[in-house]
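Observations on the model geometry
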Amino acid sequence: KAFYSLDCNDGIENAAIGWAQPSPEDHLIEKEELAEYEELIRRLYEAISSLPPMQARRVYARYMLGMKVKDIAAMEGITPSQAGKSIHATLRRLRRYFARQKWTVNL
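It should be emphasised that the depicted structure is a prediction, and the values quoted were computed from it without experimental measurement.

This paragraph deals with a negative patch on the surface. A cluster of acidic side chains, namely Glu25, Asp26, Glu30, Glu32, Glu33 and Glu36, defines a negative patch on the protein surface. One can find Glu30 in helix α2 (residues 24-49).

Here it is as structure tokens:
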């Protein structure tokens, strides 16, 4: 038995093989979400560039590269506690930067 029939809804064959095109509304929503994401990334890089180099490197390693705190600490020759405290202080600093710019994000 066939699971899809040519007599059934328009485009069902395309949907079955993954060729379904998004509706114009879906396309606009996707485009808007992408623009919002790109703006968030731009703002985040701007905020990170305002940090002292060591803090920027640590927060970049932790959240952009996904490194563990203990690995960041080992790379820099400090204790994991020191690295963790520095990263948390950096996040507070980034929150303040976002607040001063009147940007909203959950950091």
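To describe two helices that pack against each other, one gives the angle between their axes and the distance between the axes. Interhelical geometry of α2 versus helix α3 (residues 53-64) gives an angle of 145 degrees and a closest axis separation of 9 Å. Touching Leu44, Tyr45 and Ile48 of α2 are Ala56, Val59, Tyr60 and Met64, all from α3.

Next up on the list: the nonpolar core. Core analysis: the biggest nonpolar cluster contains 11 residues, these being Leu44, Ala47, Ile48, Leu51, Ala56, Val59, Leu91, Leu94, Tyr97, Phe98 and Trp103. Breaking this core down by element, the ones donating at least two residues are α2, α3 and α5 (80-100). Residue contributions to this core peak at four residues, all from α5.

Right, let's talk about the pattern of salt bridges for a bit. Charged atoms that come close allow side chains of opposite charge to pair. Throughout the structure, instances matching the rule amount to five salt bridges. A salt bridge links Arg57 to Glu76, with the nearest nitrogen and oxygen atoms 3.3 Å apart. Of this pair, Arg57 sits in helix α3 while Glu76 sits in helix α4 (residues 69-76); the two residues are 19 residues apart in sequence, bridging distant segments of the chain. Arg57 gets classed as partly exposed once you look at its relative accessible area, which sits at 41%. In the salt-bridge network here, residues are joined through shared partners; they are Glu39, Arg42, Arg43 and Glu46.

Thresholds, definitions, all that
Residues numbered from 1 in each chain as written. Predicted model: local features only at pLDDT ≥ 70, side-chain atom pairs only at ≥ 80, totals over all residues. Heavy atoms only, no water. Patch = residues over 30% accessible without salt bridge, like charges linked within 9 Å, V, L, I, M, F, W, Y side chains within 5 Å. Areas by Shrake-Rupley, 256 points an atom, 1.4 Å probe, with all protein chains shown as cover. Salt bridge = Lys/Arg side-chain N within 4 Å of Asp/Glu carboxyl O. Lys, Arg positive; Asp, Glu negative; His and termini not counted. Charge placed at Lys NZ, Arg CZ, Asp CG, Glu CD. Helix = DSSP H or I, 4+ residues; strand = E, 2+ residues; numbered from the N terminus. Axes fitted to C-alpha atoms, helices over the stretch in contact; angles between N-to-C directions. Contact = heavy atoms within 4.5 Å. Core = buried A, V, L, I, M, F, W, Y, C linked by side-chain atoms within 4.5 Å. Buried < 20%, exposed > 50% of the residue type's maximum accessible area, 1.4 Å probe, protein only.

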